[in-house]
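Structure at a glance
Each chain, letter by letter, is given below.
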Amino acid sequence: MRTLVREALSALGIERLVLGVHESCFPCDADEDLGRGSPYGALGRDLLRFAFELGFDTVQLGPQGECAAEDPSPYDGAAFARSTAALSLARLSEEGLLSDETRARLLEGVRGATSEHARAAPAMREVLDEAHRRAESTGSAIERRLGFIATHADWLLSDATYEALLAEHGEIDFVEWDDAHDRSGYAWPSDASLARRSAIESRHRAVMDRWVLAQALAHEQHDELRAFAHGLGLSLFGDLQIGWSRRDLWANQRLFLRELRLGAPPSRTNPEGQPWGYPVLDPAQPAAVGRLVEARLHKLAREYDGLRVDHPHGWVCPWVYSPVGEPHAAVRAGGRLHESPERPELARFAVVRREQLDLERAPWDDARVTALSPAQIDDYAVWIDRMRVIFGERLACEVLSTMPRP
């Protein structure tokens, strides 16, 4: 079967056949399904085998960043922290990190259910609490954490501090925290902010240790899955979503523009536009922003064989709008960040000149820009060029809804 499919694809000139599937769409065994799918269990591996037999050579996973308990969208997930909701309970049991009693109790009544993030999230939190206690009691947690921190310290420590602050402030959004130093992500150092951070870390050390262990487990299970896929002959692609999570914004808020948000303009398929509300990277800080983006790309390159680039327009010339007012009206009144020299609030970000625009056309019209110089094209291409340096030809740029020119 596979040989026939590959021969047919070759005759059609198709070099790569990709199966795209989000991790929560994977099946789960009844003895480890908390109400959310996972690629890391036995049935997840069965799906990879089935895909390979059908002639696929690549599996493209959706974004796998950690999601907030109240928001299951993978496109709102973290840029660096992996999702812990997809952990395989069977693997944790095999390691002695989860008891049969806890596992059976949490699975009761879930068998056959559809995906239920609201139920799965607190159940997985209980799983990770027990895993942390058991690891601490055996003494294995410290060595595991230290090894993981050594590899991931550039993002892990601030992420662990964010977890401590969520515990401190009752899981609410960071803009509502009542301490200014906590809200600022300690991005503006002072004696007072450093003292505050030290107090938070001391008070919530167990929360931070638990978080580091959970991330170590999530990364280990992903590494095992990737090795399994390679053993079959499958490549594993990741997904570079256009958005940044709340935890990433908190940790890097100096690198984002406070007065703008990123969304999608009106289009043929969505005339209302899409007010995503994602933060916008500050073009005036190319070196610092470049370090953040490249850290994200290099981490993805260590964990996947290739990359789907979600909404490449957002990396080339993002559609931005003011967060003030009704969201859909605001996004329709927005503009292209680098193509709006006629607008005072966006002029400083312009790559094109006013005389290169057909101002009779709508701000989102592809034909609004009438000409570009080679240097301007290089300015537009800076992020895609960096992706090409890291991933080579192993990139899949997927443009949805707006149907622009190639």
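Okay, so let's go over this structure. Because the structure is a prediction, the values reported are computed rather than measured.

1. Let's talk about the overall build of the protein chain
For the protein chain, the helix and strand inventory stands at 15 helices and 9 strands. Whereas a compact globule of 406 residues would reach a radius of gyration of roughly 22 Å, the protein chain reaches 23 Å, a difference of no more than 12%. Looking at the protein chain as a whole, 48% of its 406 residues are labelled buried. Considering only intrachain contacts with a sequence separation of at least 6, the fraction spanning at least 24 residues in the protein chain is 71%. As presented, the protein chain carries roughly 18,800 Å² of accessible surface, and 54% of it is formed by carbon and sulfur atoms. Looking at the protein chain, you have 47 positive and 64 negative side-chain charges, and the mean spots of the two groups are 2 Å apart.

2. Concerning the packing of helix α6 (residues 140-169) against helix α9 (residues 205-232)
As a packed pair, α6 and α9 sit with axes 8 Å apart at the nearest point and diverge in direction by 130 degrees. The angle between α6 and α9 places the two elements in the oblique class. Judged by the twist between their axes, the crossing of α6 over α9 is right-handed. A breakdown of the residues in the contact of α6 with α9 according to their chemical character gives 14 nonpolar, 4 polar and 6 charged.

3. Looking at the pattern of salt bridges
The tally for this structure, following the rule as stated, stands at 38 salt bridges. Arg196 serves as the salt-bridge partner of Glu168, at 3.8 Å between the closest nitrogen and oxygen. Taken together, the residues span a long stretch of sequence, with Glu168 in helix α6 and Arg196 in helix α8 (residues 191-203) at a distance of 28 residues. Among the salt bridges present, the one from Glu398 reaches Arg308, with a minimum N-O distance of 2.6 Å. Here Glu398, found in strand β9 (residues 395-398), pairs with Arg308, found in strand β6 (residues 306-310); they are 90 residues apart in sequence, far enough to count as distant.

4. As for the environment of Gln221
For Gln221, the position within the fold is in helix α9. Distance in space between the C-alpha atoms of Gln221 and Leu87 is 7.3 Å, their sequence separation being 134 residues. Residues in contact with Gln221, not counting those within four places in the same chain, are Tyr40, Ala86, Leu87, Ser88, Arg91 and Leu92. Within the structure, Gln221 has its side chain in polar contact with the backbone nitrogen of Ser88 (distance 2.7 Å).

5. What to know about the sheet that holds strand β5 (residues 274-281)
Strand order in this open sheet of 4 strands is β5-β4-β7-β8, and the pairing throughout is antiparallel. Where the open sheet ends on each side, the last strands, each with one partner, are β5 and β8 (335-336).

6. Details of the environment of Glu66
Relative to the elements of secondary structure, Glu66 occurs in the loop between β2 (58-61) and α3 (89-94). For the pair formed by Glu66 and Asp182, sequence separation is 116 residues and the distance between their alpha carbons is 21 Å. For Glu66, the side chain forms a polar contact with the main-chain nitrogen of Thr84, separated by 2.7 Å.

7. A word on α6
Here α6 spans only 30 Å end to end across 30 residues, well under the 44 Å set by a 1.5 Å rise per residue. In α6, a bend of some 110 degrees at His152 exceeds every other bend along the element. After α6 finishes, the residue Gly170 shows a positive phi value of roughly 75 degrees.

8. Some remarks on the side chain of Glu163
Locating Glu163 in the fold gives a position in helix α6. Not counting the four nearest positions on each side in its chain, Glu163 is found in contact with Val207, Trp211 and Arg247.

9. Remarks on the packing of aromatic side chains
Scanning the model with the defined rule gives 11 aromatic pairs in all. Seen from their ring centres, Tyr162 and Trp250 are 5.4 Å apart, and the 50 degrees between their planes marks the pair as tilted. Placement of the pair is Tyr162 in helix α6 and Trp250 in helix α10 (residues 246-251), with a sequence separation of 88 residues. The pair formed by Tyr162 and Trp250 is uniform in burial state, with each residue classed as buried. In this structure an aromatic cluster arises from ring pairing among Tyr162, Phe174, Trp177, Tyr186 and Trp250. Above the plane of the ring of Phe228 lies Arg45, whose end atom (NZ or CZ) is 4.9 Å from the centre. Residue placement shows Arg296 over the ring face of Trp244; its charged tip is 4.3 Å from the ring centre.

Here is what the cut-offs are and how they apply
Residues numbered from 1 in each chain as written. Predicted model: local features only at pLDDT ≥ 70, side-chain atom pairs only at ≥ 80, totals over all residues. Heavy atoms only, no water. Helix = DSSP H or I, 4+ residues; strand = E, 2+ residues; numbered from the N terminus. Rg over C-alpha atoms; globule rule 2.2 N^0.38 Å. Buried < 20%, exposed > 50% of the residue type's maximum accessible area, 1.4 Å probe, protein only. Contact = heavy atoms within 4.5 Å. Areas by Shrake-Rupley, 256 points an atom, 1.4 Å probe, with all protein chains shown as cover. Lys, Arg positive; Asp, Glu negative; His and termini not counted. Charge placed at Lys NZ, Arg CZ, Asp CG, Glu CD. Axes fitted to C-alpha atoms, helices over the stretch in contact; angles between N-to-C directions. Parallel < 35°, antiparallel > 145°, perpendicular 65-115°, else oblique. Left-handed = near helix turned anticlockwise from the far one by under 90°. Nonpolar A, V, L, I, M, F, W, Y, C, P; charged D, E, K, R; others polar. Salt bridge = Lys/Arg side-chain N within 4 Å of Asp/Glu carboxyl O. Polar contact = N/O pair within 3.5 Å; in protein donor to acceptor, adjacent residues only side chain to side chain. Pairing = 2+ DSSP bridges. Expected span 1.5 Å × (residues − 1). Bend = angle between axes of the 7 residues up to and from the residue. Phe/Tyr/Trp six-rings, centres within 6.5 Å; stacked < 30°, edge-to-face > 60°. Lys NZ or Arg CZ within 6 Å of the ring centre and 35° of its normal.

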